[in-house]
Amino acid sequence: MTTILGIETSCDETAAAVVDDGCRVRSNFIASQVDLHAKYGGVVPEIASRAHIERLDAIIAEAMDRAACSVDGVDAIAVTNRPGLVGALLIGVTAAKTLSWAWDKPLVAVDHIQAHAYSPAIGLADQIQNEPQTSVRADKHHASDSLWPAIALVVSGGHTSLFMVKSPIEIEVLGATTDDAAGEAFDKVATILGLPYPGGPAIERIARQGNPRAVDFPRTMLGARSLDFSFSGIKTAVLYHVHGHGQTSGGLERLSTTELADIAASFQAAVIDVLVRKTMLAVGQTGMNTVVLGGGVAANGALRSALEEACTERKLRFRAVERAYCTDNAAMIAALGYHQLQAGDLVGLDLDAYPTGVLV
Ligand code: KG4
Ligand code: ZN
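The rules behind each value
- Residues numbered from 1 in each chain as written.
- Chains lettered and ligands numbered in written order.
- Predicted model: local features only at pLDDT ≥ 70, side-chain atom pairs only at ≥ 80, totals over all residues.
- Heavy atoms only, no water.
- Axes fitted to C-alpha atoms, helices over the stretch in contact; angles between N-to-C directions.
- Helix = DSSP H or I, 4+ residues; strand = E, 2+ residues; numbered from the N terminus.
- Parallel < 35°, antiparallel > 145°, perpendicular 65-115°, else oblique.
- Left-handed = near helix turned anticlockwise from the far one by under 90°.
- Contact = heavy atoms within 4.5 Å.
- Nonpolar A, V, L, I, M, F, W, Y, C, P; charged D, E, K, R; others polar.
- Near = heavy atom within 4 Å.
- Polar contact = N/O pair within 3.5 Å; in protein donor to acceptor, adjacent residues only side chain to side chain.
- Areas by Shrake-Rupley, 256 points an atom, 1.4 Å probe, with all protein chains shown as cover.
- Phe/Tyr/Trp six-rings, centres within 6.5 Å; stacked < 30°, edge-to-face > 60°.
- Salt bridge = Lys/Arg side-chain N within 4 Å of Asp/Glu carboxyl O.
- Buried < 20%, exposed > 50% of the residue type's maximum accessible area, 1.4 Å probe, protein only.
- Expected span 1.5 Å × (residues − 1).

Student: What is the right way to look at the packing of helix 2 (residues 45–66) against helix 3 (residues 86–103) in this model?
Tutor: Each pair of packed helices can be described by the angle between their axes along with the distance between the axes. At a minimum axis separation of 9 Å, helix 2 and helix 3 run at an interaxial angle of 40°. When the axes of helix 2 and helix 3 are compared, the pair comes out oblique. Seen from above, helix 2 lies across helix 3 with right-handed handedness. Contacts from Ser49, His52, Ile53, Leu56, Ile60 and Met64 of helix 2 reach helix 3 at Gly87, Ala88, Ile91, Gly92, Ala95, Leu99 and Trp103. Each residue belonging to the contact of helix 2 with helix 3 can be placed in one class, and the counts come to nine nonpolar, four polar and no charged.

Student: I tried to follow the site of ligand 1 on my own but got confused; where do I start?
Tutor: The local shell around ligand 1 holds 17 residues, among which Gly157, Asp187, Gly200, Glu204 and Asp328 are the closest. Within the backbone of Gly158, an N or O atom sits 3.2 Å from an oxygen atom of ligand 1. Take Glu204: an N or O atom from its side chain is 2.7 Å from a nitrogen atom of ligand 1. Computed on the free molecule, ligand 1 has an accessible area of 560 Å², of which 88% lies beneath the protein chains in the complex. Taken together, the residues that form the shell around ligand 1 break down as four nonpolar, 10 polar and three charged.

Student: Please explain the packing of aromatic side chains as it appears in this structure.
Tutor: Aromatic ring pairs are described here by two measures, namely the spacing of the ring centres and the angle between the planes. Counted by the stated rule, this structure contains three aromatic pairs. When the ring of Phe229 is compared with that of Phe231, the centres are 6.0 Å apart and the planes differ by 15°; the resulting orientation is stacked.

Student: Sorry if this is basic, but what is going on with the pattern of salt bridges here?
Tutor: Counted by the stated rule, this structure contains 14 salt bridges. One salt bridge in this structure joins Glu46 and Arg50, with 3.0 Å as the shortest N-O distance. Of the two residues, Glu46 and Arg50 both sit in helix 2, four residues apart, roughly one turn of that helix. Judged by relative accessible area, Glu46 falls into the partly exposed class, the value being 47%. Here the salt bridges do not stand alone but share partners, grouping Asp180, Glu184, Lys188 and Lys235 into one network.

Student: Mind showing me how you'd approach helix 10 (residues 331–342) here?
Tutor: For an α-helix, 3.6 residues make a turn, and residues three or four places apart therefore share a direction. Look at helix 10: 17 Å from first C-alpha to last across 12 residues, which is about the 16 Å you get at 1.5 Å a residue. Counting buried residues along helix 10, 11 of its 12 residues qualify, which places the element largely inside the surrounding structure. For helix 10, the set of buried residues is Ala331, Met332, Ile333, Ala334, Ala335, Leu336, Gly337, Tyr338, His339, Gln340 and Leu341. Buried residues in helix 10 make contact with strand 1 (3–8), strand 2 (13–20), strand 3 (24–32), strand 4 (76–82), strand 5 (107–111) and helix 4 (112–118). The positive-phi residue at the C-terminal boundary of helix 10 is Gly344, with phi of around 75°.

Bear in mind that shape data such as this cannot, by itself, settle questions of function.
Okay, structure coming up:
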């Protein structure tokens, strides 16, 4: 058994987790900073960094405690070092480097978006085969092996991407957002509709009461074969629908609760429509027969059902990330970190943090 301590501080969640063999989660502890940022309507980088500093030590200790894991029981430390807010990332990276040095453990640097792409594999642990750990091919019998290759749709606050995941550590970009990410569009549209931050859950909540066909919002496809995304047009369409064409304020007060719910439902349906159509396009272009879904927006029940339905219709295998690992968490960092450790992909104490990802 290989045990990894994961650390994640790329945005506004301070998180630590202990995961065995890349898929069995022993603890997954997240301290959300939503309360600290809500009154600003978005994440304030300086506030995020300060909160990470104040909380991270205790959160790592709590994750170790909950897993009943001692320092001796940790085989390596995995930390998110990109992409994200550099000031926030640096807190986690510095903590991980310090522990790696003090505990004399190998250090692994994980790309946050690649971890979201791998996250649907978490929880496949029960299917793990009992291969002897000494076998050089033990890695070939990992529980997640049955999942790959797959098309991964990763929908988060900062990214909307389609990947071809050949194995946990061999990932290619098929398409990415050219402007706003899907989660960002949910957050901005929520602000337009006067809903609280974070916008995704708030829109999903009121959309349940609305008619998804009430307003025909644009579905931006960027060309018949394009796997890239654009969600800034729909955001502007919602803005003008609420306030009147060319107007950016004054219209919200005139809307009834029903009209608001209809707008939220129609917006959500249009975004989901684009995400599902592009994913199916990627399947058609690559001949893959498995689709996985990860990222914060994967918490959206309507998206999960729509993608599952599209996969079932085409006889494709589908696996959505378990809800506990949708939004930012350290379990996915420790889980992917395991595969990087197995591949010998280690880093030294000169590890740095970067705002951009390895792939997107
Ligand atoms: O993956 P994540 O936690 O952070 C980033 O890596 O960006 O994703 C956060 C995003 C936010 O934009 C949030 O509004 C969105 O995920 N989100 C949702 C839902 N829950 C979170 N979007 C739609 N429906 C939801 N239920
Ligand atoms: Zn994320």
